Amino acid sequence: EQTYDTEIARLRVVVNRRRPQLDSTTIAVIEHNLKVIDDAIRQCKIALRKDPGSQFLMESLNDALDNKVQLLRTAATLPSKA
């Protein structure tokens, strides 16, 4: 999870710097999707505290973290608004 946290923090900086270059609607969609992903991450972590040996929950958490990284990577490379 540390590797994810480091990559997510790095990508967040890039996306935040690019914010003025992106359309406000695009930013709103990105932020909405990040909230959905963050909610899934929170739910997985809560469930893992109750069932720490669950391979399914661990895979679900990793999938959610992967999705967050992918979304941020995509946002970081979006073309600037016209």
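Our subject in this report is the structure included herewith.

Rules of the game
Residues numbered from 1 in each chain as written. Predicted model: local features only at pLDDT ≥ 70, side-chain atom pairs only at ≥ 80, totals over all residues. Heavy atoms only, no water. Core = buried A, V, L, I, M, F, W, Y, C linked by side-chain atoms within 4.5 Å. Buried < 20%, exposed > 50% of the residue type's maximum accessible area, 1.4 Å probe, protein only. Helix = DSSP H or I, 4+ residues; strand = E, 2+ residues; numbered from the N terminus. Contact = heavy atoms within 4.5 Å. Axes fitted to C-alpha atoms, helices over the stretch in contact; angles between N-to-C directions. Parallel < 35°, antiparallel > 145°, perpendicular 65-115°, else oblique. Left-handed = near helix turned anticlockwise from the far one by under 90°. Expected span 1.5 Å × (residues − 1). Polar contact = N/O pair within 3.5 Å; in protein donor to acceptor, adjacent residues only side chain to side chain.

Here's the deal with the nonpolar core
Formed by 19 residues in total, the largest nonpolar core has its most connected members in Ile8, Ile41, Leu61, Leu65 and Leu72. Counting only elements with at least two residues in this core, the list comes to helix H1 (2-18), helix H2 (24-50) and helix H3 (55-76). The dominant element in this core, judged by the number of residues it contributes, is H3, at nine residues. Excluding residues that lie within four positions of it along the chain, Ile8 makes contacts with Leu65, Lys68, Val69 and Leu72.

Side note on the packing of H2 against H3
It is the contact of H2 with H3, at a shortest axis distance of 9 Å, that shows an interaxial angle of 160°. When the interaxial angle is binned, H2 and H3 end up roughly antiparallel. Once H2 is placed against H3, the crossing between them reads as left-handed. Contacts between H2 and H3 involve Ile30, Asn33, Leu34, Ile37, Asp38, Ala40, Ile41, Cys44, Lys45, Ala47 and Leu48 from the former and Leu57, Met58, Ser60, Leu61, Ala64, Leu65, Asn67, Lys68, Leu71, Leu72 and Ala75 from the latter.

Here we look at H2
Over its 27 residues, H2 extends 39 Å from the first C-alpha to the last, a length consistent with the 39 Å expected when each residue adds 1.5 Å. Turning to H2, its buried residues number three or more, namely Ile27, Ile30, Glu31, Leu34, Ile37, Ile41, Cys44 and Leu48. Check the buried side of H2 and you find it contacts H1 and H3. Two to three positions downstream of the cap, the backbone nitrogen of Thr25 sits 2.9 Å from a side-chain oxygen, assigning the N-cap of H2 to Asp23.

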